[in-house]
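What follows is the residue order along each chain.
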Amino acid sequence: MAATTSLPTLKPDDFKTDQEVRWCPGCGDYSILAQMKKALASLGVPREKIAFVSGIGCSSRFPYYMNTYGFHTIHGRAPTFATGLRLANPDLQVWVVTGDGDGLSIGGNHLVHALRRNVDIKVLLFNNEIYGLTKGQYSPASRLGTPSKTSPGGSFETPVKPLSLALAAEATFVARTIDLDVQHMVATFQKAAAHKGSAFVEIYQNCKIFNDGVFEYATDKSVKSDNLLYLEHGKPLIFGKDKNKGIRLTGVKPEVVTVGKDCQVDDLLTHDESNEDATLAYLLSRLSHDTGKDAVNPFPEPVGVFRSVRKPTYEEILDGRISDAVAKKGKGKLEDLFKAEDVWTVS
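Read on for a plain summary of the structure.

Reading guide: rules and limits
Residues numbered from 1 in each chain as written. Predicted model: local features only at pLDDT ≥ 70, side-chain atom pairs only at ≥ 80, totals over all residues. Heavy atoms only, no water. Core = buried A, V, L, I, M, F, W, Y, C linked by side-chain atoms within 4.5 Å. Buried < 20%, exposed > 50% of the residue type's maximum accessible area, 1.4 Å probe, protein only. Contact = heavy atoms within 4.5 Å. Pairing = 2+ DSSP bridges. Helix = DSSP H or I, 4+ residues; strand = E, 2+ residues; numbered from the N terminus. 1 Å grid on protein atoms, 1.4 Å probe; cavity = no way out; pocket = protein on both sides within 12 Å on 5 of 7 lines; lining within 4 Å. Points joined across faces, edges and corners; volume = space filled by probe spheres on them. Nonpolar A, V, L, I, M, F, W, Y, C, P; charged D, E, K, R; others polar. Right-handed = clockwise from strand over helix to strand, strands pointing away. Axes fitted to C-alpha atoms, helices over the stretch in contact; angles between N-to-C directions. Patch = residues over 30% accessible without salt bridge, like charges linked within 9 Å, V, L, I, M, F, W, Y side chains within 5 Å. Areas by Shrake-Rupley, 256 points an atom, 1.4 Å probe, with all protein chains shown as cover. Salt bridge = Lys/Arg side-chain N within 4 Å of Asp/Glu carboxyl O. Phe/Tyr/Trp six-rings, centres within 6.5 Å; stacked < 30°, edge-to-face > 60°.

## A short note on the nonpolar core
So, step 1. Formed by 37 residues in total, the largest nonpolar core has its most connected members in L115, I121, V174 and F200.
So, step 2. Those residues in contact with F200, other than ones at most four positions away along the chain, are L111, L115, V123, L125, P162, L163, A166, F173, V174 and A175.
So, step 3. Counting 31 residues, the second largest nonpolar core, distinct from the first, contains L10, C27, I50 and F189.

Right, here's the structure in full:
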């Protein structure tokens, strides 16, 4: 019987590097980095089996600060590099770190296709709703009216909703968490890591310099209970300081109701993250504090896992195709491919 060697138990500090962390004081990225180290330490996965791939932006310095494999790539193309890395080495747990500018603007196309293919990668989108590295221009996720160097009169472009985009692309795991909600963030990262398939996590992240306080409604302890809806699989959608508010579905229209006054708990919409049909998850992704804050009964903003379903991954399907071809035709030789019938000589 072969001897086995147990792996050492990793601690968060085992993922620390010798690189100076170069983010602005007060940046939400520090919290995300700390919670990622905690999450990875709990997984029991060796560091040499983990890789972080990033594009361009403040968030994309992440690989320098993780004692794992890492690739700092080019603007918007991190999902493409991550796809190639995952296919070349399926033993790696591959994480993509991107931002709302890098991932939703120049990288939007690459992000959509990586998600729809269900490549087994974990995408973390740091959303501060502004371009930070290039010093404060509005981004694809900036809210209407956001003043910036490129929108002095306020942004008038319809913002991209990252979760809606991910769900429309059929990502099999979609979630949202917040930089200051550390326990929730660790749990969300752990769930994303455990998922088999494309995992997309939006993280509300405060930019202290260029967009400070944009998520204060979701982080201020005095008001956040009335502004956030924590999604729990199999449980009714209840929120509020007194846990007496809920979401009821009337036809295809959600509405905020008071439990015990307008309805009973059994009348509320029950969250089902495992539903193959992403329609209700998409509906929840549209609920926004920003669009509902002036209403008599404003909507809360959902956080947590919106969708988690198991479907064949891109790698599994590709491996099956290769195995079928080898079974029918043998392994073959590269030289034979070069000399196939459709090769011609140019003279």
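There's more to say after this.
## Topic: the sheet that holds strand β9 (residues 245-250)
So, step 1. Spatial ordering of the open sheet is given by β8-β9-β10, a layout of three strands whose pairing is antiparallel. Single-partner strands in this sheet number two, and they are β8 (238-239) and β10 (253-258).
So, step 2. Bridging between β9 and β10 involves six bridges; their strand directions are antiparallel. Paired with L249 across the strands is P254, a residue of β10.

## As for empty space enclosed by the protein
So, step 1. Across all of its chains, the model carries one cavity of 30 Å³ or more by this definition.
So, step 2. Put simply, the largest cavity is a space of about 110 Å³.
So, step 3. As for the largest cavity, its lining consists of 13 residues, of which H271, D272, N275, L280 and A281 are closest to the centre.
So, step 4. Within the residue set of the lining of the largest cavity, elements represented by two or more residues are α9 (279-285) and β11 (301-308).
So, step 5. Here the residues of the lining of the largest cavity are counted per class, giving six nonpolar, three polar and four charged.

## Let's talk about the pairing of strand β5 (residues 173-178)
So, step 1. The element β5 is largely enclosed, with a buried count of six among its six residues.
So, step 2. Neither face of β5 is left uncovered, since the one carrying F173, A175 and T177 and the one carrying V174, R176 and I178 both have all their residues buried.
So, step 3. Examined bridge by bridge, β5 and strand β6 (residues 199-204) share six bridges and lie parallel to one another. The residue of β6 that forms the bridge with V174 is F200.
So, step 4. For the crossover from β5 across helix α6 (residues 182-194) to β6, the handedness is right-handed.
So, step 5. Relative to β11, β5 runs antiparallel, the two sharing four bridges.

## Let's talk about the sheet that holds strand β7 (residues 228-230)
So, step 1. As summarised here, the arrangement of the eight strands in space is β2-β1-β3-β4-β6-β5-β11-β7, forming an open sheet in which the pairing is mixed. Of all the strands in the sheet, the pair left with one neighbour each is β2 (69-72) and β7. With strand direction ignored, the average angle separating the axes of adjacent strands in the sheet is 20°.

## As for a nonpolar patch on the surface
So, step 1. Among the surface-exposed residues, L87, Y314, L318, I322 and V326 lie close enough to one another that they form a single nonpolar patch of about 370 Å² accessible area.
So, step 2. Here the element with the most residues in the nonpolar patch is helix α11 (residues 314-329); it accounts for four residues.
So, step 3. With respect to the secondary-structure elements, V326 resides in helix α11.

## Concerning the side chain of N227
So, step 1. Mapped onto the elements of the fold, N227 is located in helix α8 (residues 224-227).
So, step 2. Dropping the residues within four chain positions of it, N227 is found in contact with Y217, H289, P300 and E301.

## Structural notes on the packing of aromatic side chains
So, step 1. Applying the stated criterion to the full structure yields seven aromatic pairs.
So, step 2. Ring centres 5.1 Å apart and planes at 85° place the aromatic pair W23 and Y65 in the edge-to-face group. Of the two residues, W23 is situated in the segment before α1 (29-41) and Y65 in the loop between β1 (50-54) and β2; the sequence distance between them amounts to 42 residues.
So, step 3. Residue W23 is classed as buried on the basis of its relative accessible area, which comes to 9%.
So, step 4. Between the aromatic rings of F52 and F62, the centroid separation amounts to 5.5 Å while the plane-to-plane angle is 45°, which identifies the pairing as tilted. Placement of F52 in strand β1 and of F62 in the loop between β1 and β2 is noted, with a sequence separation of 10 residues between them.
So, step 5. On the basis of relative accessibility, which here comes to 0%, the residue F62 falls in the buried class.

## Points about the layout of surface pockets
Empty space among the atoms can be located by rolling a probe the size of a water molecule over them.
So, step 1. Of the voids in this model, the largest pocket is the one considered here, and its volume is about 340 Å³.
So, step 2. R143, P159, V160, K161 and S288 are, among the 20 residues lining the largest pocket, the residues nearest its centre.
So, step 3. By residue class, the composition of the lining of the largest pocket is seven nonpolar, five polar and eight charged.
So, step 4. Around the second largest pocket, the lining comprises 19 residues; the ones closest to its centre are W23, C24, C58, G132 and L133.
So, step 5. Classifying every residue of the lining of the second largest pocket by side-chain character gives nine nonpolar, five polar and five charged.

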